[in-house]
Amino acid sequence: MMKEIWDSLAMKRALTRITYEIIEQNKGTDDLVLVGIKTRGVYLAQRIHDRIQTLEGVDVPVGQLDITLYRDDRHDSSLKRDPIINSEEIGINVNDKRVVLIDDVIYTGRTIRAAMDALMDQGRPSRIKVAVLVDRGHRELPIRADYVGKNIPTSAKEQVAVNVVEKDGKDSVELKSLPQ
């Protein structure tokens, strides 16, 4: 069973609000860098970038991060050794920058932890903040999002699906019941 929580207009409003919060809390855009976590976080980061450019007239650097090799839930230990994510992958300099990591959903916190590990292998940001479209709770690590589009309380038997037009053909947030 699937229930639509947000349509495209609600997503757009949430991303606009998150953009304003990022600008306000960072007191502008100086030394600000956006880093999207693959896959959907990259598209959300680009949308926030575009809104910042429209609002502030500034082209904030945007990078993307593939955290696959940093995940702690991988079972093949040979893949865990010496993970390499080169600077061409992230595409931007993060040293002494105020980085906003962007993802679609925060759940256990493990994705964000892996992203921070990957980011720190690229340099030393002055600060890392986290922006997510949806916070569904159930944290396993002491990690929280600084910018949240919507808190959606869920059970372990539910899944939050964020659809983006660039990948899924539509913008929406859906709550799905997993099979028993």
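In case you missed it, the structure is sitting above this.
In this numbering scheme, every chain counts its residues from 1 along its sequence in written order. It should be noted that, the model being predicted, local features are given only for residues of pLDDT at least 70 and side-chain atom pairs only at 80 or more, the latter also being counted only at that level, while totals for whole chains, interfaces and linings use all residues. Derived side-chain values reflect all non-hydrogen atoms in the structure, with water molecules and hydrogen atoms excluded from consideration.

Q: Just checking my understanding: could you explain the sheet that holds strand β8 (residues 172-177) for this structure?
A: The strands that make up a sheet are held in pairs by hydrogen bonds between backbone atoms, and each pair lies either parallel or antiparallel. Note on pairing: DSSP must find at least two bridges between two strands before they are called paired. A run of DSSP states H or I qualifies as a helix once it reaches four residues; a run of E qualifies as a strand once it reaches two. Both are numbered from the N-terminal end. The antiparallel open sheet is built from 3 strands, whose spatial order is β1-β8-β7. Bordering the open sheet on either side are β1 (2-6) and β7 (158-163), each of which pairs with just one other strand. Across this sheet, the average inter-strand angle for adjacent strands is 25°, counted without regard to direction. Where β7 and β8 come together, 6 bridges link them in antiparallel fashion. Bridging across to β8, V162 finds its partner in V173. Residues count as neighbours in contact if any of their non-hydrogen atoms are within 4.5 Å of one another. To get an axis, fit a line to the C-alpha atoms, keeping to the stretch in contact for a helix; angles then go from 0 to 180 degrees between the N-to-C directions. Helix-sheet contacts for helix α1 (residues 8-25) involve β1, β7 and β8, and the interaxial angle to β1 is about 45°.

Q: Help me understand the nonpolar core in this model?
A: Nonpolar side chains tend to gather and get buried jointly when the protein is soluble and globular. The set of buried Ala, Val, Leu, Ile, Met, Phe, Trp, Tyr and Cys residues whose side-chain atoms join them within 4.5 Å is what this entry labels a nonpolar core. Think of it in three bands: residues with accessible area under 20% of the maximum for their type are buried, residues over 50% are exposed, and the middle band is partly exposed, with areas taken using a 1.4 Å probe on protein chains only. Within the largest apolar cluster, 28 residues are counted, with the highest numbers of intra-cluster contacts made by L133 and V173. Listed by contribution, the elements that provide at least two residues to this core are α1, β2 (32-37), α2 (40-56), β4 (98-106), β5 (127-135), β7 and β8. In terms of residue count, the dominant contributor to this core is α1 (7 residues). L133 has contacts with W6, M11, A14, L15, L44, D103, D104, V148, G149, K150, V162 and V173, leaving out every residue within four places of it along the chain. In terms of nonpolar packing, the next biggest core, distinct from the first, is built from 22 residues, V33, Y70, V99 and I143 among them.

Q: What am I meant to see in helix α5 (residues 110-120) here?
A: Three or four residues apart is the spacing at which side chains of an α-helix point the same way, because the helix has 3.6 residues per turn. Looking at α5, one finds that the buried residues are I112, A114, A115, A118 and L119. Burial along α5 is one-sided: seen end-on, the buried residues are contained in an arc of 160°. Within this analysis, the arc is defined by the directions that extend from the helix axis to the C-beta atoms.

Q: Looking at this structure, I do not really get the packing of aromatic side chains. What am I missing?
A: To describe a pair of aromatic rings, you give the distance between the ring centres and the angle between the ring planes. Each pair of aromatic rings taken from Phe, Tyr and Trp, with Trp reduced to its six-membered ring, is defined by centres within 6.5 Å and is described as stacked if the planes are under 30 degrees apart, edge-to-face if over 60, and tilted in the remaining cases. One pass over the structure, following the stated rule, counts 0 aromatic pairs. The side chain of R136 reaches across the aromatic face of Y107, ending 3.9 Å from its centre. Consider the ring centre and the ring normal. A charge sits over the ring if Lys NZ or Arg CZ is within 6 Å of that centre and within 35 degrees of that normal.

Q: Could you clarify how one ought to interpret the layout of surface pockets in this entry?
A: Over the atoms a probe the size of a water molecule is rolled, and this reveals where empty space is left. For cavity detection a 1 Å grid was placed over the protein atoms alone, and a set of points counts as a cavity when a 1.4 Å probe fits there but cannot get out; an open set counts as a pocket when protein lies on both sides within 12 Å along at least five of seven lines, with lining residues being those that have an atom within 4 Å of a point. Grid points are joined across faces, edges and corners, and a volume is the space filled by probe spheres set on the points. Quantified by volume, the largest pocket comes out at close to 440 Å³. Together, 21 residues line the largest pocket, and D103, D104, V105, Y107 and T111 are the ones closest to its centre. Elements represented by at least two residues in the lining of the largest pocket include exactly β4, α5 and β7. Residue polarity is assigned by list, with Asp, Glu, Lys and Arg as charged and Ala, Val, Leu, Ile, Met, Phe, Trp, Tyr, Cys and Pro as nonpolar; anything else, Gly included, falls into the polar class. Looking at side-chain class alone, the lining of the largest pocket contains 9 nonpolar, 5 polar and 7 charged residues.

Q: Whenever I open this one, the sheet that holds β5 confuses me. Can you help?
A: One open sheet accounts for 5 strands, arranged β3-β2-β4-β5-β6; its pairing is parallel. Each having just a single partner strand, β3 (62-65) and β6 (147-151) make up the two edges of the open sheet. On average, adjacent strands in this sheet sit at an angle of 25° to one another, irrespective of strand direction. Of the strand pairs in this sheet, β4 and β5 are connected by 8 bridges, and their pairing is parallel. Its bridge partner being in β5, V105 is matched across the sheet by V134. Across the sheet, α1 is in contact with β2, β4, β5 and β6; its angle to β6 comes to roughly 150°. Packing against the sheet, α5 makes contact with β2, β3, β4 and β5, and its axis sits at approximately 150° to β4.

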